[in-house]
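Residue strings, one per chain:
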Amino acid sequence: MLLRGTISAALPPSVRLRASPTRTPARAVAVGASSSCGGRDYPLSISDAALETRGFVLRRGSEGLDLDELNAVFVAVGFPRRDPEKIRVALEHTQAVLWVEHRKSRRPVAFARATGDGVFNAIIWDVVVDPSFQGIGLGKAIIERLLQELLRRGISNIALYSEPRVLGFYRPLGFVADPDGIRGMVYSKKHKKK
Ligand SMILES: CC(C)(COP(=O)(O)OP(=O)(O)OC[C@H]1O[C@@H](n2cnc3c(N)ncnc32)[C@H](O)[C@@H]1OP(=O)(O)O)[C@@H](O)C(=O)NCCC(=O)NCCS
């Protein structure tokens, strides 16, 4: 999911996933997770230490994050380049920010964030992995940690918007589309009746 919106273990059975809205509504499918197990620890497929031995540093929070470099990753995956000042403001209003720094180049190579009310609900946005570093588990590592952090805080309703081609990435992480028939809706100026 982007600013349009990251567990080898699936969410526990008590976690019920459900639908909600993306920045590209026409192409995105809303998926979500709701859990009654707030505070439960969450298993990770790879430890921070193991990531470090592979040359990656897991960062929590936006401190030290170069927004131009982040923009470059967005652009590299096909997301639009954004005004860095707007990204800065968006991050200020974001509850959980996770990114992976490539130690050698000091560049961000994976990123995801979650906004929400801090108690009940969160939405995950801007899940990206630099194309040169895709397919080696960074996306999974980052979503696992984001889910872990939200669940630890007791946040039980976690949603995201997924491009159809990425549904298969999110499903093993515990997300489902349209659970119990719930459908996401996104406000669309284009479709608003005059
Ligand atoms: C989608 C994305 C975040 C995945 O990150 P990644 O680091 O390449 O994925 P990982 O290496 O962590 O893959 C974890 C697992 O998901 C699978 N997977 C990855 N991308 C997938 C996809 N598009 N569809 C189905 N499965 C996928 C992997 O095969 C792997 O499976 P395994 O655990 O059985 O080995 C990354 O490809 C990306 O940034 N894509 C472009 C931006 C984008 O589409 N973001 C999501 C917007 S909704």
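Residues numbered from 1 in each chain as written. Predicted model: local features only at pLDDT ≥ 70, side-chain atom pairs only at ≥ 80, totals over all residues.

### With respect to the overall build of the protein chain
Next up, step 1: Helix and strand content of the protein chain: 5 helices and 8 strands.
Next up, step 2: Secondary structure of the protein chain in N-to-C order comes out as β-β-α-β-α-α-β-β-β-α-β-α-β.
Next up, step 3: The buried share of the protein chain, taken over its 194 residues, is 38%. (Helix = DSSP H or I, 4+ residues; strand = E, 2+ residues; numbered from the N terminus. Buried ≥ 20, exposed ≤ 12 C-beta atoms within 10 Å, placed from the backbone.)

### With respect to the confidence of the model for the protein chain
Next up, step 1: Overall, the predicted model of the protein chain reaches an average pLDDT of 85, with 81% of residues at or above 70.
Next up, step 2: Below pLDDT 50 for its whole length, residues 3–26 participates in 95 contacts with residues either more than four positions away or in separate chains.
Next up, step 3: Every residue in residues 35–39 is under pLDDT 50, and counting partners more than four places away or in other chains gives 17 contacts. (pLDDT = per-residue confidence, 0-100. Contact = placed C-beta atoms within 7 Å.)

### Some details on the environment of Glu92
Next up, step 1: You can see Glu92 is positioned in helix H3 (residues 84–92).
Next up, step 2: Residues Glu92 and Gly61 lie 31 residues apart in sequence; the distance between their C-alpha atoms is 9.8 Å.

### Quick notes on the nonpolar core
Next up, step 1: Ranked by internal contacts, the top residues of the largest apolar core, which has 41 residues, are Ala110, Ile124, Ile142, Leu146 and Leu150.
Next up, step 2: Among the elements of the structure, strand S2 (29–35), helix H2 (67–76), strand S4 (96–102), strand S5 (107–116), strand S6 (121–129), helix H4 (138–152) and strand S7 (157–162) are those that each provide at least two residues to this core.
Next up, step 3: With 8 residues, H4 is the largest single contributor of residues to this core.
Next up, step 4: Residues contacting Leu150, with those up to four places away along its chain left out, are Ala96, Ala114, Ala122, Ile155 and Ile158. (Core = buried A, V, L, I, M, F, W, Y, C linked by C-beta atoms within 7 Å.)

### Quick word on the site of the ligand
Next up, step 1: In the vicinity of the ligand there are 20 residues, among which Gln134, Gly139, Lys140, Gly168 and Phe169 approach most closely.
Next up, step 2: Looking at the shell around the ligand, the elements that each hand over two or more residues are S6, H4 and helix H5 (167–170).
Next up, step 3: A per-class count over the shell around the ligand returns 9 nonpolar, 8 polar and 3 charged. (Near = placed C-beta within 6 Å. Nonpolar A, V, L, I, M, F, W, Y, C, P; charged D, E, K, R; others polar.)

### Some remarks on unusual backbone geometry
Next up, step 1: Phi at Arg106 takes a positive value of approximately 65°, unusual for a residue other than glycine.
Next up, step 2: With respect to the helices and strands, Arg106 occurs in the loop between S4 and S5.
Next up, step 3: Residue Asp180 is not a glycine yet carries a positive backbone phi of 55°.
Next up, step 4: For Asp180, the position within the fold is in the segment after strand S8 (176–177).

### Remarks on the packing of H2 against H3
Next up, step 1: Across the interface, H2 lies against H3 with an axial gap of 10 Å and an inter-helix angle of 100°. Relative to H3, the element H2 lies roughly perpendicular. Note on element contacts: H3 touches H2 through Pro84, Ile87 and Arg88, opposite Leu67, Asp68, Leu70 and Asn71.
Next up, step 2: Residues belonging to the contact of H2 with H3 are distributed by class as follows: 4 nonpolar, 1 polar and 2 charged. (Axes fitted to C-alpha atoms, helices over the stretch in contact; angles between N-to-C directions. Parallel < 35°, antiparallel > 145°, perpendicular 65-115°, else oblique.)

### Here we look at the pairing of S7
Next up, step 1: Counting buried positions along S7 yields 6 of 6 residues, so the element is predominantly enclosed.
Next up, step 2: As paired elements, S6 and S7 share 4 bridges and run parallel to each other. Opposite Asn121, over in S7, you have Asn157 as the bridge partner.
Next up, step 3: In the classification by handedness, the crossover that spans S6, the intervening H4 and the parallel S7 is right-handed. (Pairing = 2+ DSSP bridges. Right-handed = clockwise from strand over helix to strand, strands pointing away.)

### Some details on the environment of Arg60
Next up, step 1: The residue Arg60 is located in strand S3 (residues 56–60) in this model.
Next up, step 2: Given 13 C-beta atoms within a 10 Å radius, Arg60 is considered partly exposed.
Next up, step 3: C-alpha separation for the pair Arg60 and Arg145, spaced 85 residues apart in sequence, amounts to 9.4 Å.

### Digging into the pairing of S4
Next up, step 1: Of all the 7 residues making up S4, 6 are buried; the element is thus mostly covered by neighbouring parts of the structure.
Next up, step 2: Inspection of the sheet shows S3 paired to S4 by 5 bridges, in the antiparallel sense. Looking at S4, one finds that Arg59 is bridged to Trp99.
Next up, step 3: Both S4 and S5 contribute to a ladder of 7 bridges, which runs antiparallel.

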